[in-house]
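# Architecture and fold: a report
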Amino acid sequence: MTYKVLLATADPALHPEIRDLFAESGEFTVAQTVSTAAALVAEVADREPELVLLHEDLGPAPALAIVRDLLDRRPTLAVVLISRDGGAGMLSAAMEAGARGVVTLPVSYADVQTRLTSAAAWSQRVRARLADAEDPDNAVALGRIVAVAGAKGGCGTTTVAAQVALAAARSGGRRGVCLVDLDLQAGDVATFFGVTAHHDLADLVDVADELTGRSITGVLFRHSSGVQILPAPEEGERAELVTASVARRVLGVLRTMFDAVVVDCGSVVSEANLGAVEIADRVLVVSTPDVLSLRGAHRLTRMWDRLQVRKPADCDVLLNRAHRRNVVQPGLARRVVESPLAATTIPARFRRLEEAANTGATDIVDDKRLATAYARIAADAGLLRERPRRRRWRGGDDTGAVQSLQFALTVPALLLVVLLALQALLVGAGALVAQRQAAYAAHGVERGRSLADMSDAVAADLPAGMGDARLTDHGDRIEVRVSVPTVLPGISKRITLTSSAGVAPGTR
Ligand SMILES: Nc1ncnc2c1ncn2[C@@H]1O[C@H](COP(=O)(O)OP(=O)(O)OP(=O)(O)O)[C@@H](O)[C@H]1O
Ligand SMILES: [Mg+2]
């Protein structure tokens, strides 16, 4: 097993020498070489290396600021600084910023074998431990962050974030659920839950550098549903204090405290919600099923991509207020947006949700289809302990329902095949009878019997159900018409079958 390393230096002359050292050690593969801090952030997100070897001249920001920023985004990354100064002062400043070590130029083979290998191994160990959420004793497993953003205002972002958080809380994780309102100018999560909070996100700005679980717990509002709420700043003007770095740090600590952290990002891009979208495990872009909103979703994900925050393929567009009568159905929506569509859509239920939003009773929306949709979305985002069971009779993609549907379709189809075969038999039999009776009637007429006589004789000879026979004398032939019943559903008319037989000339 080799470790992935990113080399970040503005001096290309260093690259071959350091690459050779890594190649010689056999423990590392150099995933990429970058020469700016922005490229470093993007490549770290893309390649997820265990180690970044960062030259202090990278710029444009001071090296230690770059280290801090990088670790806000990826706390489990090992960063080792290449510095001219290997003194104790430099080492302790680097450690304070979160670096795992300092090496001086020229980097030696011994540095790679000792400091760099142990830094990368540390990163790998921590990641393995944090990822082991299955282990019930794993007190350090990280919770999942799900960011919910709106394609445009009013399309249901807060409702989705609140309901997904409630669904996760109902599934009963050990450490609970936190709902963070990062719609900083117009946050209304607290109103949705009908609560008046005395603290909010802005209270964490001053302590952002030394955030602890305790400082965060002090500003959370514990709702009776079990969801803990971190409200947006009460005064909109304080919103700008919440920078991307503050948001990332707050969320970074919250994920160590909760199983699930759901973030309402609103529909207006801010530094803070960019920070959330960047580090979230899952991002949902809520859109109503109309072209304007879907184009908004498309624009938003494209913007995230240009800002190197997140790739469109790594977000899901969630259709809210879906109805089978909408002109825009998922097939069409897929063609407007670049991101995949979430597998579940949320049905339009205006009255139910309006009541809940206006009374602050978000947690008691009692509509089964809505509840199922929110639970499935929470499950797909990895927030539920068990997937919600799908009801057979409700359809959807559940196997049981599909089987019942297939059964329901197969039974009438089989019945129809049987009825068609029976009808064919009846028609065949009718045609034979008509043919036989025509020959019989023609023979009788040839022998001098009247048509009326023969009509009576034919009628007496007809099998049951064949109806009346009508005989017509055409001079040179006798025509017989009989009819058979129809057994196909919805057709009441009988089927008439005609046959005729010639009367030999000169016999009458
Ligand atoms: N599935 C749905 N069916 C019907 N109405 C819905 C649905 N989801 C949300 N709504 C309603 O849409 C309105 C707006 O919802 P919400 O406040 O969640 O949107 P938002 O995108 O967060 O808005 P804002 O831009 O103001 O933050 C509310 O009245 C809500 O009840
Ligand atoms: Mg909202």
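Residue numbers here run from 1 along each chain, matching the order of that chain's written sequence. The lettering of chains begins at A and the numbering of ligands begins at 1, in the order of writing. Per-residue local features are limited, in this predicted model, to residues with pLDDT of at least 70; the limit for side-chain atom pairs, both in listing and counting, is 80 or more; totals at the level of whole chains, interfaces and linings are taken over all residues. In computing side-chain properties, one takes all heavy atoms of the structure into account and sets aside hydrogens as well as water.

## Considerations on the overall build of the protein
Helix numbers and strand numbers start at the N terminus; a helix is a DSSP run of H or I with at least 4 residues, a strand a run of E with at least 2. On a plain count of helices and strands, the protein comes out with 16 helices and 16 strands. Here the C-alpha radius of gyration of the protein, 38 Å, is well above what a compact globule of 508 residues would show, namely 23 Å. What makes two residues a contact is simply this: any of their non-hydrogen atoms within 4.5 Å. A separation threshold of at least 6 residues defines the contact pool for the protein, and within that pool the share at least 24 residues apart is 69%. For accessible areas, the Shrake-Rupley method is used with a probe of radius 1.4 Å. Any residue's cover is judged against the shown protein chains and nothing else. Of the accessible surface of the protein, which amounts to about 25200 Å², a share of 53% is contributed by carbon and sulfur atoms. For the purpose of charge, His is not counted, nor are the chain termini; Lys and Arg are scored as positive and Asp and Glu as negative. Throughout, a charge is located at the NZ atom of Lys, the CZ atom of Arg, the CG atom of Asp or the CD atom of Glu. Charged side chains in the protein number 57 positive and 59 negative. The centres of these two groups are separated by 10 Å. As defined in this context, the radius of gyration uses C-alpha atoms, and a globule is described by 2.2 Å times the residue total to the power 0.38.

## With respect to the pattern of salt bridges
A carboxyl oxygen of Asp or Glu within 4 Å of a side-chain nitrogen of Lys or Arg is what we treat as a salt bridge. Throughout the structure, instances matching the rule amount to 21 salt bridges. In this structure, Glu235 and Arg238 form a salt bridge, with 3.3 Å as the shortest nitrogen-oxygen distance. Three exposure classes are used, based on accessible area relative to the maximum for each residue type with a 1.4 Å probe and protein chains only: buried under 20%, partly exposed in between, and exposed over 50%. Accessibility expressed as a relative area gives 34% for Glu235, which makes it partly exposed. In this structure, Arg449 and Asp453 form a salt bridge, with 3.9 Å as the shortest nitrogen-oxygen distance. What you see here is one network of salt bridges that share partners, running through Asp69, Arg73, Arg248 and Glu278.

## With respect to the site of ligand 1
In these notes, residues near a molecule or strand are those with any non-hydrogen atom within 4 Å of it. Near ligand 1, the surroundings consist of 18 residues, among which Gly154, Thr158, Thr159, Arg321 and Arg349 are the closest. Contact distances for ligand 1 include 2.5 Å between an oxygen atom and a side-chain N or O atom of Thr159. Contact with the protein chains covers 80% of the free accessible surface of ligand 1, which is 630 Å². Contributing elements (two or more residues each) for the shell around ligand 1: helix H6 (157-170), strand E12 (316-322), strand E13 (346-347) and helix H13 (350-359). Of the residues that constitute the shell around ligand 1, the class distribution is seven nonpolar, seven polar and four charged. In the analysis that follows, any N or O atom pair within 3.5 Å is treated as a polar contact, provided that within protein one partner can donate a hydrogen and the other can accept it, and provided that, for residues neighboring in sequence, both atoms belong to side chains. All residues other than Ala, Val, Leu, Ile, Met, Phe, Trp, Tyr, Cys, Pro, Asp, Glu, Lys and Arg, Gly among them, are scored as polar; the first ten of these are nonpolar and the last four charged.

## Quick look at the domain arrangement of the protein
The split into domains, and so the bounds of each, comes from an automatic or database assignment of domains. Taken as a whole, the protein is organised into domain 1 (3-131), domain 2 (144-388) and domain 3 (403-502). Taken together, the contacts link eight residues of domain 1 with seven residues of domain 2. For the pair domain 1 and domain 2, the summed buried area comes to about 660 Å², and 37% of that belongs to carbon and sulfur atoms. Put simply, buried area is the surface a 1.4 Å probe can reach on two separate parts but cannot reach once they are joined, added for both. Of all residues in domain 1, Ala42, Asp72 and Arg73 give up the largest surface area on contact with domain 2, accounting jointly for 64% of the area buried on that side.

## Remarks on the side chain of Glu50
Locating Glu50 in the fold gives a position in the loop between helix H2 (37-47) and strand E3 (51-55). An unpaired buried charge is present at Glu50: no salt bridge exists, and Arg127, the closest side chain of opposite charge, is 4.7 Å distant. Looking at Glu50, its side chain comes within polar contact range of the main-chain nitrogen of Lys4, at 2.7 Å. Discounting residues that sit within four places of it in the chain, Glu50 has contacts with Met1, Tyr3, Lys4, Leu77, Ala78, Ala120, Ser123, Gln124 and Arg127.

## Brief notes about the nonpolar core
Definition of nonpolar core: a set of buried residues of the types Ala, Val, Leu, Ile, Met, Phe, Trp, Tyr and Cys, connected through side-chain atoms within 4.5 Å. Core analysis: the largest hydrophobic core is formed by 49 residues, its most contacted members being Val180, Leu230, Leu254 and Trp304. Only strand E6 (144-150), strand E7 (177-181), helix H9 (244-257), strand E10 (260-266), helix H10 (271-279), strand E11 (282-287), helix H11 (291-306) and E12 provide two or more residues apiece to this core. Sorting elements by how many residues they give to this core places H9 first, with six residues. Not counting residues within four places of it along the chain, the set of residues in contact with Leu230 comprises Cys178, Leu179, Val180, Asp181, Asp200, Leu201, Leu204, Val219, Leu220, Val250 and Leu254.

## Quick look at empty space enclosed by the protein
The definitions used throughout rest on a 1 Å grid laid over the protein atoms alone, on which a cavity is an enclosed set of points accommodating a 1.4 Å probe that cannot get out and a pocket is an open set flanked by protein within 12 Å on both sides along at least five of seven lines; lining residues are those having an atom within 4 Å of a point. Grid points are joined across faces, edges and corners, and a volume is the space filled by probe spheres set on the points. If you walk through the whole model with that rule in mind, you get two cavities of 30 Å³ or more. Of the pockets and cavities examined, the largest cavity occupies roughly 50 Å³. For the lining of the largest cavity, the secondary-structure elements that each account for two or more residues are E10, H10 and H11. Considered class by class, the residues forming the lining of the largest cavity number seven nonpolar, three polar and no charged.

## Things to note about the sheet that holds strand E15 (residues 477-484)
The strand order E14-E15-E16 describes an open sheet built from three strands, whose pairing is antiparallel. Here the strands that pair on one side only, and so sit at the sheet edges, are strand E14 (470-473) and strand E16 (495-502). Each strand of the sheet is rotated relative to its neighbour by a mean of 20°, with strand direction disregarded. At least two DSSP bridges between two strands are required for those strands to pair. Pairing of E15 with E16 involves eight bridges; the strand directions are antiparallel. Directly across from Val482, in E16, lies its bridge partner Leu497. In this analysis, axes come from line fits to C-alpha atoms, helices being fitted only over the stretch in contact, and the angle between any two N-to-C directions falls in the range 0 to 180 degrees.

## Side note on the environment of Gly430
You can see Gly430 is positioned in helix H15 (residues 399-446). Not counting residues within four places of it along the chain, the set of residues in contact with Gly430 comprises Met466, Val482, Val484 and Leu497.

## Topic: unusual backbone geometry
Residue Pro106 is bonded to the preceding Leu105 through a cis peptide linkage, with omega at -10°. With respect to the helices, strands and loops of the structure, Pro106 is situated in the loop between strand E5 (101-104) and helix H5 (109-131). One non-glycine residue, Glu48, lies in positive phi territory at about 45°. When you line up the elements, Glu48 lands in the loop between H2 and E3. For Glu48, a relative accessible area of 47% puts it in the partly exposed group. Unusually for a residue other than glycine, Gln308 sits at a positive phi of about 55°. Within the fold, Gln308 resides in the loop between H11 and E12.

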